[in-house]
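Fold and contact review
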Amino acid sequence: MAIRNVVTEGDEILRKKCRVVTEVTDRIRETMEDMLETMHSQAGVGIAAPQVGVMRRMFIAEPEPGRVYYMINPEILEQDGTQFSSEGCLSVPGLVGDVERPERIKIKAMDLDGEVKTYDFEGFDAVVMCHENDHLDGILYIDKAKNIRDAEAAIDEDEEEI
């Protein structure tokens, strides 16, 4: 495993739509493990492949320590409700903003074994999944956010950041 460089806002790769993963290979699994290590090194709760320069439809989410989801070719099947979250991003360092997201989602994706699974998420977990899934279509949270502000000031105000 290796820690990879995180691509930051301004790099055109973050604005491109990712390609479908046709087969879960050892290389895909290795890339996902590198992504997990990179995410941990940056104290993140999610990371998508384009954030490490890989244009494939896959992301990792860890909404709480030890609960890791490997999502390959994710597809949001259902969403309902509304919630607002204060979000940050490894690719947009130093800022947070308020984003409207669904309260609940149903998402289908392949895991590291290539098995298709369906998950239901709500609350913070749904926020993380939607945030990472957006990356696969070239969308950053700042495209949707209101009240974008300095992350340090937000943390001083006891806001939760993803």
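This report concerns the structure included in the present document. (Residues numbered from 1 in each chain as written. Predicted model: local features only at pLDDT ≥ 70, side-chain atom pairs only at ≥ 80, totals over all residues. Heavy atoms only, no water.)

**Side note on helix H2 (residues 124-135)**
Its 12 residues place the ends of H2 17 Å apart at the C-alpha level, agreeing with the 16 Å of an ideal helix rising 1.5 Å per residue. In terms of burial, H2 is largely enclosed, as 11 of its 12 residues are buried. Within the sequence span of H2, burial applies to Asp125, Ala126, Val127, Val128, Met129, Cys130, His131, Glu132, Asn133, Asp134 and His135. (Helix = DSSP H or I, 4+ residues; strand = E, 2+ residues; numbered from the N terminus. Expected span 1.5 Å × (residues − 1). Buried < 20%, exposed > 50% of the residue type's maximum accessible area, 1.4 Å probe, protein only.)

**Here we look at the side chain of Asp34**
Relative to the elements of secondary structure, Asp34 occurs in helix H1 (residues 26-41). In this structure Asp34 touches Met1, Ala2 and Arg4, once residues within four positions along its chain are discounted. (Contact = heavy atoms within 4.5 Å.)

**Some words on the environment of Asp26**
If you trace the backbone, Asp26 turns up in helix H1. Judged by its relative accessible area of 58%, Asp26 falls in the exposed class. A sequence separation of 123 residues divides Asp26 from Arg149, and the C-alpha atoms of the two residues are 40 Å apart. Among the polar contacts listed, one links the side chain of Asp26 to the side chain of Arg29, at a separation of 2.9 Å. (Polar contact = N/O pair within 3.5 Å; in protein donor to acceptor, adjacent residues only side chain to side chain.)

Distances and angles like these do not, on their own, reveal function.
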